[in-house]
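Each chain, letter by letter, is given below.
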Amino acid sequence: MSKLVTFAELKEHRTKDKLWILIHEKVYDVTKFIDEHPGGDEVILAEAARDATEAFEDVGHSDEARALLKDMLVGDFEKTDELKTKGPSTSFSNSTAVNNAVQQGSNAMYFVPLAVLGAYFAWRYYSSGSI
Ligand code: HEM
């Protein structure tokens with residue numbers, strides 16, 4: 001029977017020299033692997049003490065990557081409500097702000113030439129009327 005890992009235990013292993021990761025309700029010890037990870041250590045560290053399933057799957061990891069997991073298995077994760085899949089500190093929340101800024105920028109891109117065109121026709125209208 002495999003070990004049952006609690007959320008408290010998962011939280012205790014959130015540093016680079018003691019790092020456990022939760023993927024598909026299983027906990028893996030990635031301490032030794034983190035320096036060899038082709039995607040870098042920061043992306044894995046960002047998933048410490050939370051559910052890394054979504055991040056892991058979004059990348060579309062290969063079968064070789066999945067095969068590596070079984071040697072790092074610590075045990076099954078004890079389900080808890082405390083766990084959040086998304087945290088406020090992820091880079092995803094920052095990119096939303098960037099998207100909004102780009103959106104606002106493109107609105108101005110349409111507005112400025114239209115305003116200039118409108119002013120030009122207004123000027124034509126008034127100046128032709130006065131002749
Ligand atoms: C213990 C869990 C993990 C293992 C064993 C693992 C393993 C690997 C392996 C072997 C690759 C090379 C490409 C491939 O074979 O798919 C890779 C690439 C990558 N991984 Fe992971 N990974 C893990 C967790 C994560 C997590 C949590 C993230 C977070 C986003 C992540 C992000 C990436 C990225 C972005 C690449 C692409 C790197 C590139 O092609 O430049 N990985 N990973």
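Rules and cut-offs
- Residues numbered from 1 in each chain as written.
- Predicted model: local features only at pLDDT ≥ 70, side-chain atom pairs only at ≥ 80, totals over all residues.
- Heavy atoms only, no water.
- UniProt positions renumbered as here; feature names shortened; annotations may be inferred.
- Helix = DSSP H or I, 4+ residues; strand = E, 2+ residues; numbered from the N terminus.
- Contact = heavy atoms within 4.5 Å.
- Areas by Shrake-Rupley, 256 points an atom, 1.4 Å probe, with all protein chains shown as cover.
- Near = heavy atom within 4 Å.
- Polar contact = N/O pair within 3.5 Å; in protein donor to acceptor, adjacent residues only side chain to side chain.
- Nonpolar A, V, L, I, M, F, W, Y, C, P; charged D, E, K, R; others polar.
- Pairing = 2+ DSSP bridges.
- Salt bridge = Lys/Arg side-chain N within 4 Å of Asp/Glu carboxyl O.
- Buried < 20%, exposed > 50% of the residue type's maximum accessible area, 1.4 Å probe, protein only.

Under the annotation held in an unreviewed UniProt entry, the protein chain carries the name Cytochrome b5 and is attributed to Lentinus brumalis. For the protein chain, the Sequence similarities (unreviewed entry) comment in UniProt is given as "Belongs to the cytochrome b5 family."

K.L.:
How should I be thinking about the overall build of the protein chain in this particular structure?
P.N.:
Helix and strand counts for the protein chain come out as five helices and five strands. Its helices and strands taken in sequence order, the protein chain reads β-α-β-β-β-α-α-α-β-α from the N to the C terminus. Contacts in the protein chain between residues at least 24 apart in sequence constitute 68% of all its contacts with a sequence separation of at least 6. Accessible surface, the protein chain as shown: approximately 9,600 Å² in total, 59% of it carbon and sulfur.

K.L.:
How should the site of the ligand be read in this particular structure?
P.N.:
In the neighbourhood of the ligand, 18 residues make up the surrounding shell, with Val 30, His 37, Pro 38, His 61 and Ser 62 lying closest. His 37 is positioned with one of its side-chain polar atoms (N or O) 2.8 Å from a nitrogen atom of the ligand. Within the side chain of His 61, an N or O atom sits 2.8 Å from a nitrogen atom of the ligand. Put simply, the parts of the chain that give the shell around the ligand at least two residues each are helix H2 (41-45), helix H3 (53-58) and helix H4 (63-69). Class assignment for the residues of the shell around the ligand results in 13 nonpolar, four polar and one charged.

K.L.:
Hey, could you run me through the pairing of strand S5 (residues 73-77) in this one?
P.N.:
For a regular strand, the rule is simple: side chains alternate between the two faces of the sheet. Of the strand pairs in this sheet, strand S1 (residues 3-5) and S5 are connected by three bridges, and their pairing is parallel. Considered in S5, the bridge of Leu 4 is made with Asp 76. Two elements, strand S4 (residues 26-29) and S5, share three bridges in a ladder whose sense is antiparallel. Residue pairing for S5: Lys 26 is matched across the bridge by Asp 76.

K.L.:
Teacher, can you tell me more about the pattern of salt bridges here?
P.N.:
Side-chain pairs of opposite charge can arise where the charged atoms are in close proximity. Scanning all chains against the criterion turns up seven salt bridges. Its salt-bridge partner being Glu 25, residue Lys 79 comes within 3.7 Å of it at the nearest N-O pair. With Lys 79 in the loop between S5 and helix H5 (91-130) and Glu 25 in the loop between strand S3 (18-23) and S4, the pair connects residues that are 54 residues apart, well separated along the chain. A residue is classified by how much of its surface remains accessible, and Lys 79, at 63% relative accessible area, is exposed.

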